[in-house]
Amino acid sequence: MEHRQSLILCLVYALFLVFGGVLFMYLEYEEHVTEPYEWTKLKEFALQEEPPEDEDELLVLATWLPRKCSDITNATIQSLVAEGSQPEAVQEAEQLCPLLHQVEVDYTWTFIESLYFSMTVVTTIGYGYHCPVTTAGRIMCMIYAVIGIPLTGMLLALTSDFFGEQLFKLFKAKLDSKKQQSKMIIALFTFIYIAIGFVVFIFIPAVIFMVVEDWSYLNGIYYAFITLTTIGFGDLVTGSEMKGWELYVYQICVILWIVVGLGYWVMVANFITKALKSKRLQSSVLRSAEEMKKLMQQMGIKNHDPRFLRQHSKATVNFMLQLSNIIAVQGGAAENGSLGEDAADSPSTSSPPTSPTSPMGIPGISALFGPGMNRAAPFSQLIGPLSRRVEISDTRYSEEMTALTAQCKS
C-alpha cells in the first residue's frame, strides 16, 4: 500500500509542478505599447488643460490624423484640437483607428523557467533570480505556495519514511542487539550515510556543473550545498547559457536531483530518529528486566542462572501481569465486601482483610509472598488461570513494561 501511495503522490506532485509551470508562464508578462510619434504628441495636446503653446504644430498634427486613419470623423478631430482636456475624443480616436495605439504582450518566462520557479517555491529554496512582478502572479504565488509546500512535505515524509525503514532494517540486520545500542555504532552508520549523500548528491553533481555550466569545482560544490540545504541565495543558477531542448532536459534533471536530494537528507534524519528510538526502547526494556529481577527476588522467586531473566523475560512479564491482575481483583472484592470494624468481630459476617499494596506498587503481591501471606485460598486456585498463557505483542509488551517500571520507581 505504501508503494501505491508513494507513486500516486509522486504523480500528483509532478502534475502540480507542471500546472505551476503553465500558470506562471501566462501570468508573468510585460505589455509594450506602440503608437506613432505624431499621435503621441497630438494626444498629449488633447489631454492637457491649458491651450497649446504652438498652435501651428497642433494644426499640422490635426491634418496628419485623417491621412493616417481615414475612418476618423471631422467631429472627433475638432474635439481633439478643442481647448481643455478631451479624454473621450482620444478614446474614440483609438477605437476608430486601432493602429494608433497597439498593446503587445510579451511573455517573459518560458515554460521551463516557470517550471523551475514552481519547484523553488514549493521546496522553499527561492533563488530569487525569477520572481513574480504582476499582481495576479504574486497572488497566485502565495496560493501556490500554501498548497505546494505541505504537498512537498508529504512527499518527502512518505518516501523518506519508506526508504529510511529499509536503511533501518539493514542496520538491524547487520548488527546484533548489543551493537545497536552503541552510540558509536549509530554515529558510525550516520556518518556513512551522510558521506554517501555528500558523494552522490554534492560531489558528483559538482563535477557535472563544472563541465556544463563552466564553473569551478568549488562553485559547483557551493551551488549544490546551498541548493540542497534550501538556503538558495540565487547568485549561481543553472541553465543560464543553454537554449532549446537541451535546456529542457537539463533543467528537468536538475529538478529531479533537487527533489531526490532533499528526500535523501530527510531519509537520513529519519534513520537517525529510528535508531535512537530503538536504542531508548531497548535500554528501557533492559532496565525493566532488572527491576523485574529485583522484584522477583523480593517475592522469593530466585534463579541463580544470570541468563534466566534475559532469555525468559517475556514469559516472566506475562506471568507477573496475570498474577498481579488476579490478586488485585481479589483484593478489590475483599475491600468492597468489608462491613467495617464492628462487623469484623463476628465470624459469620467477617470478610478477608483487604490485600495490602506492596512497596513496589503492585496490589496484593506482599499479601501473597510476604510474611503475612494469606493461605486460606489454595494456591492452585490462583495458578489455575495462569495455565492459559496470554501472549502479548511487542508494542503492548513495551507499553506494559514501561508502566510496570514507572510503578516500581514510584
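Asks: Would you mind going over the state of the cysteines with me for this structure?
Replies: Chemically, a disulfide is nothing more than a covalent bond linking the sulfur atoms of two cysteines. A full pass over the atoms with the stated rule returns 1 disulfide. Take C131: it sits in no disulfide, and the sulfur closest to it among the cysteines is that of C141, at 9.2 Å. Residue C131 is classed as partly exposed on the basis of its relative accessible area of 43%. On the accessibility criterion, C141 (16% relative accessible area) is buried.

Asks: Just checking my understanding: could you explain the pattern of salt bridges for this structure?
Replies: One side chain can pair with another of opposite charge once the charged atoms of both are near each other. Throughout the structure, instances matching the rule amount to 2 salt bridges. Its salt-bridge partner being K43, residue E35 comes within 3.2 Å of it at the nearest N-O pair. With a relative accessible area of 25%, E35 lands in the partly exposed category. Judged by its relative accessible area of 16%, K43 falls in the buried class. Among the charged side chains, a network of salt bridges with common partners joins E35, K43 and E94.

Asks: Please explain helix α5 (residues 87-96) as it appears in this structure.
Replies: Note that an α-helix has 3.6 residues per turn; residues three or four places apart therefore point the same way. Buried residues of α5: A89, V90 and A93, and no others. Buried residues of α5 fall within an arc of 100° about the axis and therefore sit on the same side. With respect to the buried face of α5, the exposed residues turned more than 90 degrees away are E88 and Q95. Along its buried surface, α5 packs onto α2 (37-47) and α4 (74-81).

Asks: Is there a simple way to think about the packing of helix α7 (residues 135-174) against helix α9 (residues 183-212) in this case?
Replies: Two numbers describe a pair of packed helices, the interaxial angle and the distance between the axes. Two numbers describe how α7 lies on α9: the axes approach to 12 Å, and their chain directions differ by 135°. In terms of orientation, α7 lies oblique with respect to α9. Of the two elements, α7 crosses α9, and the hand of that crossing is right-handed. Residue-level contacts link L167, L170 and F171 of α7 to I185, I186, F189 and Y193 of α9. For the contact of α7 with α9, the residue count by class is 7 nonpolar, no polar and no charged.

Asks: So what exactly am I meant to see when it comes to the layout of surface pockets here?
Replies: It is the rolling of a water-molecule-sized probe over the atoms that shows where space remains empty. Estimates place the volume of the second largest pocket at around 570 Å³. Taken together, 24 residues form the lining of the second largest pocket, with C10, L155, T159, V259 and V260 sitting closest to its centre. Elements represented by at least two residues in the lining of the second largest pocket include exactly α1 (2-27), α7 and α11 (245-298). Of all the elements, α1 adds the most residues to the lining of the second largest pocket, at 9 residues. Here the residues of the lining of the second largest pocket are counted per class, giving 18 nonpolar, 5 polar and 1 charged.

Asks: Whenever I open this one, empty space enclosed by the protein confuses me. Can you help?
Replies: The tally for this structure, following the rule as stated, stands at 2 cavities of 30 Å³ or more. If you add up the space inside the largest cavity, you get close to 50 Å³. Along the walls of the largest cavity sit F45, Q48, E50, P51, P52, L58, L80, V81, A82, E83 and G84, which together make up its complete lining. Tallied by class, the residues present in the lining of the largest cavity amount to 7 nonpolar, 2 polar and 2 charged. Its volume calculated, the second largest cavity comes out at about 30 Å³. Along its surface, the second largest cavity is lined by F117, T120, Y127, G128, Y129 and H130. By residue class, the composition of the lining of the second largest cavity is 3 nonpolar, 3 polar and no charged.

Asks: Explain the environment of Y217 here, please?
Replies: Considering the arrangement of structural elements, one finds Y217 in helix α10 (residues 217-228). Considered as a pair, Y217 and P205 are 12 residues apart in the sequence and their alpha carbons are 9.8 Å apart. Separated by 3.2 Å, the side chain of Y217 and the backbone oxygen of F203 make a polar contact.

Asks: Before we go on, may I ask you to explain the side chain of H130 in this structure?
Replies: With respect to the helices and strands, the residue H130 is situated in the loop between α6 (111-122) and α7. Here H130 is in contact with W109, E113 and F117, once residues within four sequence places are set aside.

Asks: How do you make sense of the packing of aromatic side chains when you look at a structure like this?
Replies: Two aromatic rings, taken as a pair, are described by how far apart their centres are and by the angle between their planes. All told, the structure shown has 19 aromatic pairs when counted by the stated rule. Ring geometry for Y127 versus Y129: centroids 6.3 Å apart, planes at 55°, classification tilted. Among the aromatic residues, those joined into a ring-pair cluster are Y116, Y127, Y129, F209, W215, Y223 and W257.

Asks: Which parts of the structure should I look at to understand the side chain of K43?
Replies: The topology assignment puts K43 in helix α2. Only 3.2 Å separates the side chain of K43 from the side chain of E35, close enough to count as a polar contact. A distance of 3.4 Å separates a polar atom in the side chain of K43 from a polar atom in the side chain of E94. In contact with K43, other than residues within four places in its own chain, are E35, V90, E94 and H101.

Asks: Got a minute to help me understand unusual backbone geometry in this structure?
Replies: Residues other than glycine predominantly adopt negative phi, and peptide bonds predominantly adopt the trans conformation. You will see that T124, though not glycine, has its phi angle at about 60°, which is positive. On the basis of relative accessibility, which here comes to 41%, the residue T124 falls in the partly exposed class. Backbone geometry places T230, a non-glycine residue, at a positive phi of 60°. For T230, a relative accessible area of 28% puts it in the partly exposed group.

Asks: Please clarify how α6 should be interpreted in this entry.
Replies: When the terminal C-alpha atoms of α6 are compared, their 17 Å separation across 12 residues agrees well with the 16 Å that a helix rising 1.5 Å per residue should span. Of all the 12 residues making up α6, 10 are buried; the element is thus mostly covered by neighbouring parts of the structure. If you check which residues of α6 are buried, you get I112, S114, L115, Y116, F117, S118, M119, T120, V121 and V122. Positive backbone phi, at 60°, marks T124, one or two positions downstream of α6.

About the thresholds
Residues numbered from 1 in each chain as written. Predicted model: local features only at pLDDT ≥ 70, side-chain atom pairs only at ≥ 80, totals over all residues. Heavy atoms only, no water. Disulfide = S-S within 2.5 Å. Buried < 20%, exposed > 50% of the residue type's maximum accessible area, 1.4 Å probe, protein only. Salt bridge = Lys/Arg side-chain N within 4 Å of Asp/Glu carboxyl O. Helix = DSSP H or I, 4+ residues; strand = E, 2+ residues; numbered from the N terminus. Arc of directions from axis to C-beta. Contact = heavy atoms within 4.5 Å. Axes fitted to C-alpha atoms, helices over the stretch in contact; angles between N-to-C directions. Parallel < 35°, antiparallel > 145°, perpendicular 65-115°, else oblique. Left-handed = near helix turned anticlockwise from the far one by under 90°. Nonpolar A, V, L, I, M, F, W, Y, C, P; charged D, E, K, R; others polar. 1 Å grid on protein atoms, 1.4 Å probe; cavity = no way out; pocket = protein on both sides within 12 Å on 5 of 7 lines; lining within 4 Å. Points joined across faces, edges and corners; volume = space filled by probe spheres on them. Polar contact = N/O pair within 3.5 Å; in protein donor to acceptor, adjacent residues only side chain to side chain. Phe/Tyr/Trp six-rings, centres within 6.5 Å; stacked < 30°, edge-to-face > 60°. Expected span 1.5 Å × (residues − 1).

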